Amino acid sequence: MAFFRRELGPIERFEVALKDKLTARQKLADRLSVAESELAEKRAAAERLAVAGADNSRLDRAEASMRAVEDRAKTLRAELVEFDDQVASAERALADAKTQRDRDALADEIEAMAAAIERAAPGFEAGATTLVEAVTKSSLSIPEATRFSASVDAVRSEVRAAADLICWELRSAAVRTRAGNANLANPAPSLSEEPRSAETERQLMYTLHPLRWREDGKVRKVPAFALVGLPKALLPVALQHQHVDHLNARRVQTLMHLHGSAGNGEPQDDDPQLVDLDTLLTEETQSAQADVA
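Not measured: the values here are computed from a predicted model.

A. Just the overall build of the chain, in detail. Scanning the chain for helices and strands turns up six helices and six strands. The order of α-helices and β-strands along the chain, N terminus first, is α-α-α-β-β-β-β-α-β-α-β-α. Taken over C-alpha atoms, the radius of gyration comes to 37 Å for the chain, far larger than the 19 Å a tight globule of 293 residues would show. Across its three principal directions, the C-alpha atoms of the chain cover 130 × 65 × 30 Å. Across the chain, the fraction of contacts at a sequence separation of at least 24, relative to all contacts at a separation of at least 6, is 70%. Surface accessibility of the chain: about 19,100 Å² in total, with carbon and sulfur atoms responsible for 55%. Between the averaged position of the 39 positive side-chain charges in the chain and that of its 49 negative side-chain charges there is a distance of 8 Å.

Printed below as a string of structure tokens:
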């Protein structure tokens, strides 16, 4: 009958290697301790012979014996220093293996979250479709129901795009985590952290240029290639001039894969690409009024 031993994992292999190194080092240290004790005895014996006035031949033999032990102790010290380096290297390898194990476990959890979102998304899509069809397939046409159906349809599109985005970002984070260069703390403020007033209606958009506008007496600035909850009052002019686009737009999907969704920090006021949406909206309003006049 053939017996098979379980293959050791990386951490177990490094633990075994470290244990072997520590055992070998201890044996070497014991040998060095014996050699140093013997050296001390040889020195004491040579000293006694010299003090007693022993003849030259006895002194020569005592010195030769002492030097031999001294050379052996010196060799053992050098080997012990080398073993200390090997032990330190084995300890670092074990620590690195444990760190990688923890990174892999975290990456697995991140990927599991992305998979769970992908499994849940069709259920939301089906529910939203049922709600829309409850209105669109009816022979009646009621404005309130039609508006409700349109709202649900818009939310469905946004959720589909947002689900695709978050799954891509989660899997990218998992790859970075396994490689050891992840930064799970998002440097950009999340949508829930964005300052907003209770009466401001917003829509989640993707910026194509750095933007600036005034809101509640404060200036808001967002970089290009970032997700932002844009006030709906500014949405038409931003879309018209192609400074933002919807999450389900084809070009947005490409840009998110290239640049992500956090942008590159708050734009500077002297940025030549910075677009002031308030100014743009004012110019559009004045132009429209002039056309009417």
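On we go from here.
B. Representation of the nonpolar core within the structure. Of all hydrophobic cores here, the largest spans 14 residues; its most connected members are Leu-211, Trp-213, Leu-230, Val-244 and Leu-277. At the level of elements, β2 (211–215), β4 (227–231), α4 (235–240) and α6 (277–292) are the ones that each hand at least two residues to this core. In terms of residue count, α4 provides more of this core than any other element does, three residues in total. Ignoring any residue separated from it by four or fewer positions in sequence, one finds Leu-277 in contact with Leu-211, Arg-212, Trp-213, Leu-230, Leu-234 and Ala-238.

C. Broad picture of the sheet that holds β2. Strand order in the open sheet formed by three strands is β3-β2-β6, and the pairing between neighbours is mixed. Whereas interior strands pair on both sides, the edge strands pair on one side only; in this sheet they are β3 (218–222) and β6 (275–276). Sheet topology places β2 next to β3; five bridges connect them, and they run antiparallel. Directly across from Glu-215, in β3, lies its bridge partner Lys-218.

D. Inspection of the pairing of β2 at higher detail. By the criterion of burial, β2 is predominantly enclosed, with four of the five residues buried. What sits between the antiparallel neighbours β2 and β3 is a turn of two residues, in which Asp-216 has the positive phi angle 55°. As paired strands, β2 and β6 are joined by two bridges and run parallel to one another. Residue pairing for β6: Leu-211 is matched across the bridge by Val-275.

E. Structural context of unusual backbone geometry. The backbone of Asp-216 sits at a positive phi, close to 55°, despite the residue not being glycine. Tracing the chain through its elements places Asp-216 in the loop between β2 and β3. Of note, the phi angle at Gln-242 is positive, near 60°, even though the residue is not glycine. As for its placement among the helices and strands, Gln-242 is situated in the loop between α4 and β5 (244–245).

F. Representation of the side chain of Arg-202. Residue position: Arg-202 is located in strand β1 (residues 202–207). Look at Arg-202 and you get buried, because its relative accessible area is 13%. From its side chain, Arg-202 meets the backbone oxygen of Gly-229 in a polar contact 2.8 Å long.

G. View of helix α3 (residues 143–179). With 37 residues, α3 extends 54 Å between its outermost C-alpha atoms, agreeing within 8% with the 54 Å of an ideal straight helix rising 1.5 Å per residue. Each element contacted by the buried residues of α3 is listed here: α2 (56–136), β4 and α5 (250–259). Following α3 by one or two positions, Gly-180 adopts a phi angle in the positive range, close to 85°.

H. Geometry of the pairing of β1. Counting buried positions along β1 gives six out of six residues, so the element sits mostly inside the fold. Residues of β1 alternate between two faces, with Arg-202, Leu-204 and Tyr-206 on one and Gln-203, Met-205 and Thr-207 on the opposite face, all of them buried. In terms of strand pairing, β1 meets β4 through five bridges, oriented antiparallel. Residue pairing for β4: Met-205 is matched across the bridge by Val-228.

I. Main features of the packing of helix α1 (residues 10–52) against α2. The geometry of α1 relative to α2 is characterised by a closest axis approach of 7 Å and an angle of 160° between their N-to-C directions. One element, α1, and the other, α2, form an angle in the roughly antiparallel class. The two elements α1 and α2 meet at a crossing, and its hand is left-handed. In terms of residue class, the contact of α1 with α2 is made up of 26 nonpolar, two polar and 17 charged.

J. Representation of the pattern of salt bridges. In this structure the tally under the stated criterion is 21 salt bridges. Between Glu-36 and Arg-77 there is a salt bridge whose closest N-O contact spans 3.3 Å. Of this pair, Glu-36 sits in helix α1 while Arg-77 sits in helix α2, and the two are 41 residues apart along the sequence. You can call Arg-77 partly exposed: its relative accessible area is 35%. For Glu-111, the salt bridge is made with Arg-178, and the minimal N-O distance between the two is 3.1 Å.

Rules of the game
Residues numbered from 1 in each chain as written. Predicted model: local features only at pLDDT ≥ 70, side-chain atom pairs only at ≥ 80, totals over all residues. Heavy atoms only, no water. Helix = DSSP H or I, 4+ residues; strand = E, 2+ residues; numbered from the N terminus. Rg over C-alpha atoms; globule rule 2.2 N^0.38 Å. Contact = heavy atoms within 4.5 Å. Areas by Shrake-Rupley, 256 points an atom, 1.4 Å probe, with all protein chains shown as cover. Lys, Arg positive; Asp, Glu negative; His and termini not counted. Charge placed at Lys NZ, Arg CZ, Asp CG, Glu CD. Core = buried A, V, L, I, M, F, W, Y, C linked by side-chain atoms within 4.5 Å. Buried < 20%, exposed > 50% of the residue type's maximum accessible area, 1.4 Å probe, protein only. Pairing = 2+ DSSP bridges. Polar contact = N/O pair within 3.5 Å; in protein donor to acceptor, adjacent residues only side chain to side chain. Expected span 1.5 Å × (residues − 1). Axes fitted to C-alpha atoms, helices over the stretch in contact; angles between N-to-C directions. Parallel < 35°, antiparallel > 145°, perpendicular 65-115°, else oblique. Left-handed = near helix turned anticlockwise from the far one by under 90°. Nonpolar A, V, L, I, M, F, W, Y, C, P; charged D, E, K, R; others polar. Salt bridge = Lys/Arg side-chain N within 4 Å of Asp/Glu carboxyl O.

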